[in-house]
Amino acid sequence: MAEVTLTICTTCRRGEVTDPEAPRPGARMLAALQDADLPEGVAVRGVECLSACTRGCSMVLSGGDARWSYIYGDLDPDEHVPDILTGAAAYAATTDGLVPWRERPVVFRKQSIARIPPAPVAAPSTPPSLSKD
């Protein structure tokens, strides 16, 4: 089974005015997930911007060529880490990323920004003919 990745926006502010020296809420969420017991097959990484600034904190849940990917927003690093871990475990248990709606944590049901299908498998291309007919 392909590895699942939680990608966390580290620059998210959640609309908060923060001390420029203090860690932003997105960085705090990344740190909380890095300190947590991640479900088997789940990795976490941080990126500097997911361009979901009005919906911060935001994250992407993705994994492999066959799974759908999800973007979630309005996450709170002080409240939602357990729900993120539960949702990531359910997602990791699938082959296609489609967790039945009622089996998702409420935060994943209510705060989804987008669902992205797996990239299509490209058909082998036929090189153009080199002959001059």
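Keep in mind that what you see is a predicted model, and the values were worked out from it rather than measured.

So, how was this worked out
Residues numbered from 1 in each chain as written. Predicted model: local features only at pLDDT ≥ 70, side-chain atom pairs only at ≥ 80, totals over all residues. Heavy atoms only, no water. Salt bridge = Lys/Arg side-chain N within 4 Å of Asp/Glu carboxyl O. Helix = DSSP H or I, 4+ residues; strand = E, 2+ residues; numbered from the N terminus. Buried < 20%, exposed > 50% of the residue type's maximum accessible area, 1.4 Å probe, protein only. Pairing = 2+ DSSP bridges. Axes fitted to C-alpha atoms, helices over the stretch in contact; angles between N-to-C directions. Contact = heavy atoms within 4.5 Å. Expected span 1.5 Å × (residues − 1). Arc of directions from axis to C-beta. Phe/Tyr/Trp six-rings, centres within 6.5 Å; stacked < 30°, edge-to-face > 60°. Lys NZ or Arg CZ within 6 Å of the ring centre and 35° of its normal.

## Some points on the pattern of salt bridges
Under the defined criterion, the tally for this structure stands at two salt bridges. Taking the shortest distance from any N to any O, the salt bridge between D78 and R28 comes out at 3.2 Å. Taken as a pair, D78 in the loop between strand 4 (69-72) and helix 2 (81-92) and R28 in helix 1 (residues 25-35) lie far apart in primary sequence, 50 residues in all. Looking at D78, the relative accessible area reads 62%, which means it is exposed.

## Here's the deal with the sheet that holds strand 5 (residues 112-116)
The five strands are arranged 2-1-3-4-5 in an open sheet whose pairing can be described as mixed. The open sheet has two free edges, formed respectively by strand 2 (42-47) and strand 5, since each of these has just one partner strand. When the angles between neighbouring strand axes are averaged without regard to direction, this sheet yields 15 degrees. With three bridges connecting them, strand 3 (residues 59-62) and strand 4 associate as antiparallel partners. Across the sheet, residue M59 finds its bridge partner in strand 4, namely Y72. In the packing of helix 2 onto the sheet, the strands contacted are strand 1 (4-9), strand 2, strand 3 and strand 4, and the crossing angle to strand 3 comes to about 25 degrees.

## As for helix 2
The periodicity of an α-helix, 3.6 residues per turn, causes residues three or four places apart in sequence to face the same way. With 12 residues, helix 2 ought to run about 16 Å at 1.5 Å a step, and its terminal C-alpha atoms sit 16 Å apart, in line with that. Within helix 2 the residues assigned to the buried category are V81, I84, L85, G87, A88, Y91 and A92. The buried residues of helix 2 all sit within an arc of 165 degrees when viewed along its axis, so they share a single face. Those residues of helix 2 that are buried are in contact with strand 1, helix 1, strand 2, strand 3, strand 4 and helix 3 (106-110).

## Observations regarding the packing of aromatic side chains
The relation between two aromatic rings is expressed through the spacing of the ring centres and the mutual angle of the planes. Taken as a whole, this structure holds three aromatic pairs when the rule is applied. For the pair Y70 and Y72, a centre-to-centre distance of 5.9 Å together with 10 degrees between the ring planes defines the contact as stacked. Taking the relative accessible area as the measure of exposure, Y70 reaches 4% and is therefore buried. Here Y72 falls in the buried class, since its relative accessible area comes to 2%. On the numbers, 6.2 Å between centres and 85 degrees between planes, the contact of Y70 with Y91 is edge-to-face. Within this pair, whereas Y70 is found in strand 4, its partner Y91 is found in helix 2, the two being separated by 21 residues in sequence. The rings of Y70, Y72, Y91 and F108 are connected pair by pair, giving a single aromatic cluster. Here the basic side chain of R109 rests over the ring of W101, its NZ or CZ set 4.8 Å away from the ring centre.

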